[in-house]
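# Architecture at a glance
Letter by letter, the chains look like this.
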Amino acid sequence: MTTLEARTRCGWATTPLGIAYHDQEWGRPVHDDRVLFEFILLEGAQAGLSWETILRKRDAYREAFAQFDPASVARFTPARVERLMTNEGIVRNRLKIESAIDNARAFLAVQKECGSFDAYVWRFVGGAPRVNRPKTLRDIQPTTAESDALSRDLKKRGFRFVGSTICYAFMQAVGMVDDHTRDCFRAYS
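Residues numbered from 1 in each chain as written. Predicted model: local features only at pLDDT ≥ 70, side-chain atom pairs only at ≥ 80, totals over all residues. Heavy atoms only, no water.

Okay, helix α10 (residues 164-173) next. Across the ten residues that make up α10, a large majority, eight, are buried. When we look at burial in α10, the residues that qualify are Ser164, Ile166, Cys167, Tyr168, Phe170, Met171, Gln172 and Ala173. Trailing α10 by a residue or two, glycine 175 shows a phi angle of about 80°, which is positive. (Buried < 20%, exposed > 50% of the residue type's maximum accessible area, 1.4 Å probe, protein only. Helix = DSSP H or I, 4+ residues; strand = E, 2+ residues; numbered from the N terminus.)

What follows is the structure, given as structure tokens:
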């Protein structure tokens, strides 16, 4: 058994793809607007599906959605939506595809108003990660007051597929919340 395999991780990280994502990304603070847009888009696409499914499709999303450039995605046309509906590499759900375009436009509006999406979104946790140390995955709540507030505000700004559960998953993904379980090697690294 290699050192990598011998590490104790959060219980959801069980596949090679999930392990790599857990070890290298999940819960690490992100302040790059393009990466924040990527996770807004991917978390919305994940609604009703497993995160593993989205991870497997991530490269196809990167290609289909202009390397997650919100300015480019905001200019997608109905014809582009139709082409995306035939792309087997992504989730071919019209509402999710159209919401990605609407979210790109709303994302740009937030950047214009706040200077960056980073400045906007991190204020929901006071500018620093909320560190939790749940004993088990069952101890993690699917929503919090902060994810409720973020969801409400995003919806007011025209974002779609941003319910509180999706917002909390986004907050975990980009390190606004650190929910690594107590026994996870990443909990104290």
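One can describe the packing of helix α3 (residues 33-46) onto helix α4 (residues 51-64) by two numbers: an axis separation of 10 Å at closest approach and a directional angle of 130°. In terms of orientation, α3 lies oblique with respect to α4. Two packed elements cross with a definite hand, and for α3 against α4 that hand is right-handed. The segment α3 lies against α4, with Glu38, Phe39, Leu41, Leu42, Glu43, Ala45 and Gln46 engaging Trp51, Ile54, Arg58, Tyr61 and Arg62. Of the residues assigned to the contact of α3 with α4, the class counts are seven nonpolar, one polar and four charged. (Axes fitted to C-alpha atoms, helices over the stretch in contact; angles between N-to-C directions. Parallel < 35°, antiparallel > 145°, perpendicular 65-115°, else oblique. Left-handed = near helix turned anticlockwise from the far one by under 90°. Contact = heavy atoms within 4.5 Å. Nonpolar A, V, L, I, M, F, W, Y, C, P; charged D, E, K, R; others polar.)

As for its placement among the helices and strands, isoleucine 90 is situated in the loop between α6 (78-84) and α7 (94-114). You can call isoleucine 90 buried: its relative accessible area is 2%. Taking the C-alpha atoms as reference points, isoleucine 90 and lysine 57, 33 residues apart in sequence, are found 5.8 Å from one another. Those residues within four positions of isoleucine 90 in sequence are excluded, and the remaining contacts are Lys57, Ala60, Tyr61, Ala64, Phe65, Leu84 and Ile97.

All quantities given are derived from atomic positions and should not be read as evidence of function.
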